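Notes for the structure review
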Amino acid sequence: MERLPGFSGLTAFYAAARHGTLTAAAQELNVSQPAISRRIAALEADLDIPLFDRSRKPVRLTQAGRDLLKALHGGFGQIESAVAQIRQAAQGRVVTVTAPSGFVAFWLIPRLGELEDAFPDVTIRIISQEYGEAVRPGDVVIRFGLPEEGEETRLLGEAVFPVASPLYLAKRGMSGSEYDLSAMTLLTMETARSHWHDWPSWFRSAGVERTKGNRVLDFNSYAMLVNAALAGQGVGLCWDGVLDSFLETGAMTRLQGPHAISTRGYFLMARDGLAADRPVQEILHWIAEKGQK
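This write-up is about the structure you can find in this document. All values derive from a computational prediction rather than experimental measurement. Every chain's residues receive numbers from 1 upward, in the order its sequence appears when written. Only residues with pLDDT of at least 70 are given local features in this predicted model, and only at 80 or more are side-chain atom pairs given and counted; all residues enter the totals for whole chains, interfaces and linings. Remark: hydrogens and water are excluded; side-chain values derive from all non-hydrogen atoms of the structure.

Here's the deal with the overall build of the protein
Numbered from the N terminus, helices here are DSSP runs of H or I no shorter than four residues, and strands are runs of E no shorter than two. Secondary structure summary: the protein contains 11 helices and 13 strands in total. Per-residue burial for the protein yields a buried fraction of 46% across its 293 residues. Throughout, a contact is declared for two residues whenever any of their heavy atoms are within 4.5 Å. Looking at the protein alone, contacts between residues at least 24 apart form 75% of all its contacts between residues at least 6 apart. All accessibility values rest on the Shrake-Rupley procedure with a 1.4 Å probe; residue burial counts only the protein chains present in the view. Carbon and sulfur atoms provide 52% of the accessible area of the protein, an area that totals close to 15,400 Å². A 1.4 Å probe rolled over the protein chains alone gives each residue an accessible area, and that area as a share of the maximum for its type sets the label: buried under 20%, exposed over 50%, partly exposed in between.

Considerations on the packing of aromatic side chains
Pairing of aromatic side chains here covers Phe, Tyr and the six-membered ring of Trp, requires ring centres within 6.5 Å, and sorts the geometry by plane angle: under 30 degrees stacked, over 60 edge-to-face, intermediate tilted. In this structure the tally under the stated criterion is 10 aromatic pairs. Relative to W107, the ring of F103 lies with its centre 4.9 Å away and its plane at 25°, an arrangement referred to as stacked. With F103 and W107 both in helix α5 (residues 101-108), this residue pair falls 4 residues apart, about one helical turn. Using a relative accessible area of 0% as the deciding quantity, one classes F103 as buried. Pairing W202 with F203 gives two aromatic rings, centres 5.5 Å apart and planes at 75°, and the pair type is edge-to-face. For the pair W202 and F203, one class covers both residues: buried. Members of the aromatic cluster, each reached through a chain of ring pairs, are F103, W107, F144, W239 and Y266. Two conditions define a charge sitting above a ring: the NZ of Lys or the CZ of Arg must be within 6 Å of the ring centre, and it must be within 35 degrees of the ring normal. Directly above the aromatic system of Y14 lies the positively charged group of R18, at a separation of 4.4 Å from the ring centroid. Here the basic side chain of R254 rests over the ring of F161, its NZ or CZ set 3.7 Å away from the ring centre.

What about the environment of G20?
Within the fold, G20 resides in the loop between α1 (7-19) and α2 (22-29). Separated by 38 residues in the primary sequence, G20 and P58 have C-alpha atoms spaced 8.5 Å apart.

Focus: the pattern of salt bridges
Criterion for a salt bridge: a side-chain nitrogen of Lys or Arg within 4 Å of a carboxyl oxygen of Asp or Glu. Per the counting criterion, the structure on display carries 6 salt bridges. A salt bridge links K290 to E114, with the nearest nitrogen and oxygen atoms 2.9 Å apart. A residue pair is termed long-range when its members are at least 10 positions apart, and K290 in helix α11 (residues 278-291) and E114 in helix α6 (residues 112-118) qualify at 176 residues. According to the relative accessible area criterion, E114 is partly exposed, its value standing at 39%.

Structural notes on the packing of α1 against α2
Between two packed helices, both the angle of their axes relative to each other and the distance between the axes serve to describe the pair. Axes here mean lines fitted to C-alpha atoms, for a helix over just the part in contact, with angles spanning 0 to 180 degrees between N-to-C directions. In contact at an axis separation of 8 Å, α1 and α2 are set at 125° when each is read in the N-to-C sense. Relative to α2, the element α1 lies oblique. The handedness of the crossing between α1 and α2 is right-handed. Facing T11, A12, A15, A16, R18 and H19 of α1, the residues of α2 in contact are L22, A24, A25, E28 and L29. Across the contact of α1 with α2, the residue classes break down as 7 nonpolar, 2 polar and 2 charged. Note that the term roughly parallel is reserved for angles under 35 degrees, roughly antiparallel for angles over 145, roughly perpendicular for angles of 65 to 115, and oblique for everything else. When the near helix sits turned anticlockwise from the far one by under a right angle, the crossing is termed left-handed; a clockwise turn instead gives a right-handed crossing. Here the term charged refers only to Asp, Glu, Lys and Arg, the term nonpolar to Ala, Val, Leu, Ile, Met, Phe, Trp, Tyr, Cys and Pro, and the term polar to all other amino acids, Gly among them.

A word on the pairing of strand β13 (residues 265-270)
Most of β13 sits out of view: 5 of its 6 residues are buried. Strands qualify as paired when DSSP identifies two bridges or more between them. Both strand β5 (residues 140-145) and β13 contribute to a ladder of 6 bridges, which runs antiparallel. From the neighbouring strand, G145 faces β13, where its bridge partner is G265. Pairing of strand β6 (residues 153-155) with β13 involves 3 bridges; the strand directions are antiparallel. What sits directly across from T153, in β13, is L268.

Take a look at the structure:
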């Protein structure tokens, strides 16, 4: 049998190749970024070939790197699946759902009772994450961003529109159909502007001219932004379907008129190696159907 490289080098490369950065790989493996760099360098020395093209930024996988990543996807996927099955057999069936914190708080939790009733023999474990954090492992993964190649399903719609509480609108003599955005406080997530719609990008996409007199309140999580909107502190942006529970009860009002269409959104997939796992697939399909209603 051909001598295999060290496991630490393979795991470091696998994490870096999946996440695209050494920082995210270090967070996943709970080691320092220099340690990840050293392990990958040692692996490349062992194989006597570069796995990353470092001649440009951001770095990209070489052909050898892509070949190795493909092989590790299969190998580690089988190991993860076997370990999960062993643990589940010992502890009872557990399916973990990983999703952004805003999606968990405002879309998933309102439907959690229905989900548990639909799968009474399965323990549902929810893991939420803030924007910018490395994607945590889960059996069913919901991520926010641009579409990627692979077996994933888009959840919810593509429209992005402003929302505010009726209290906030009433205090300003406005309504959902008659309002003046230039006189409103804009609730933002500036830290997430690289993948979320911030107000400048929304104004451009919606074809709305913006004045520069708005007061701005900035937050680092969507849950905080929504809570501020509910408390009557300003107007925020909403992806179609995320805040339906508030819009249906009247706690939040959609501002009628222009909206933006974005290819970004929430995407649903099963973790590698679980494509044929029946409970995972059934829960995945349940979430997909609820998201498309």
